[in-house]
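A look at the structure
For reference, the chains in residue letters:
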Amino acid sequence: MSVSQHPSDVSARLNTGVAHNARVWNYWIGGKDHYEVDQQVGDQVATMFPVIRDVARADREFLGRAVRFLTADCGVRQFLDIGTGLPTLDNTHEIAQRIAPESRIVYVDNDPIVLAHARSLLVGTPQGATDYIDADAHHPNSVIEGASATLDLDRPVAVMMLGILNFVLDTEQALDIVRRVMSSVPSGSYLAMTHPTTDTDLGGEGNVEAMKFWNENATPPITARSRTEISAFFDGLDLLTPGLVSCSRWRADSESPAVLPQFGAVAVKP
């Protein structure tokens, strides 16, 4: 298990003068790995779009429910977590290995501050494996090549793409990324995804101005998509119950949780 870049490379890439998604997201869910500029932008976005903190927490809770379901109910023992973000409480490997200690997890991100924290991600069970790849989701072939060092791509893999495709602005490119990744894993593999929306039935209209502000003041740029556009990411896959829904309502632990403008779904490759 190794991290692919030297700490000096991380320092050279780390820009603390501009708000960055991984750090702002960490701020919204109550983490400590952020700077003043991240707090300022995060607070402004939250003022414009007050549910964003709830969205961030719901997205994280979706991760927990999805990984538990995939591990305990579906028997998944391999996870490819693309765009993992900063480590916090109950990361993918911790949830999966708590249920099945032999689980193997590969994290993928290209954010220097995530890379700086990669060693904490690499602490897993001795029965399983946990690794981190410094790679960009825009280049799925590199992601798959790197993951193959730890994962057996002849056996089912759960691909996690939570809040990552919204940073691929071109929809056709985003669709191609999903197709390439899912074509590299066998039948019986899964795709778990969350994605922000502007659909009004989920209260997403507030995303428009908030994302405009974000794109003018932070990095990387972001986009939201409609239900129809997000559904297309699952073409060729079989959506599992309850289908594509607000991520807060996907196999929710409580009755009638609030609807939030972030879709979530899990599908299986036939």
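Residues numbered from 1 in each chain as written. Predicted model: local features only at pLDDT ≥ 70, side-chain atom pairs only at ≥ 80, totals over all residues. Heavy atoms only, no water.

1. Section: the packing of aromatic side chains
Selection criterion: Stacked, tilted and edge-to-face are the three classes assigned to paired rings of Phe, Tyr and Trp, where Trp is represented by its six-membered ring and a pair needs centres within 6.5 Å; plane angles under 30 degrees give stacked, over 60 edge-to-face, the rest tilted. Under the scheme used here, helices are H or I runs from DSSP no shorter than 4 residues and strands are E runs no shorter than 2 residues, and both carry numbers assigned from the N terminus. With a 1.4 Å probe rolled over the protein chains alone, any residue whose accessible area is under 20% of its type maximum counts as buried; one over 50% counts as exposed, and the rest are partly exposed. In this scheme, the term charge over a ring applies when either NZ of a lysine or CZ of an arginine sits within 6 Å of the ring centre and within 35 degrees of the ring normal.
According to the stated counting rule, one finds 3 aromatic pairs in the structure shown. Ring plane angle 80 degrees and centroid distance 5.7 Å describe the contact between F69 and W250, whose orientation is recorded as edge-to-face. With F69 in helix 4 (residues 52–73) and W250 in the loop between strand 9 (245–246) and strand 10 (262–268), this residue pair connects regions lying 181 residues apart in the sequence. Of the two residues, F69 and W250, both sit in the buried class. Cluster of aromatic residues (ring-pair linked, three or more members): F62, F69 and W250. Above the face of the F69 ring, R251 is positioned so that its terminal group lies 4.0 Å from the ring centre. Directly above the aromatic system of W250 lies the positively charged group of R251, at a separation of 5.3 Å from the ring centroid.

2. What about unusual backbone geometry?
Between T219 and the following residue, P220, the backbone shows a cis peptide bond with an omega angle of -10 degrees. When you line up the elements, P220 lands in the loop between strand 7 (218–219) and helix 11 (227–231). In this model, T241 is joined to P242 through a cis peptide bond whose omega is 10 degrees. Tracing the backbone shows P242 in the loop between strand 8 (238–239) and strand 9. For R251, which is not glycine, the phi dihedral falls at a positive 45 degrees. Relative to the assigned elements, R251 resides in the loop between strand 9 and strand 10.

3. Some remarks on helix 2 (residues 21–28)
Rules: What makes two residues a contact is simply this: any of their non-hydrogen atoms within 4.5 Å.
Most of helix 2 sits inside the fold, with 7 of its 8 residues counted as buried. Those residues of helix 2 not exposed but buried are N21, A22, R23, V24, N26, Y27 and W28. Where helix 2 is buried, its residues touch strand 1 (19–20), helix 3 (36–48), helix 4, helix 6 (112–116), helix 10 (207–217) and strand 7. Among the residues trailing helix 2, G30 stands out with phi positive, at a value near 95 degrees.

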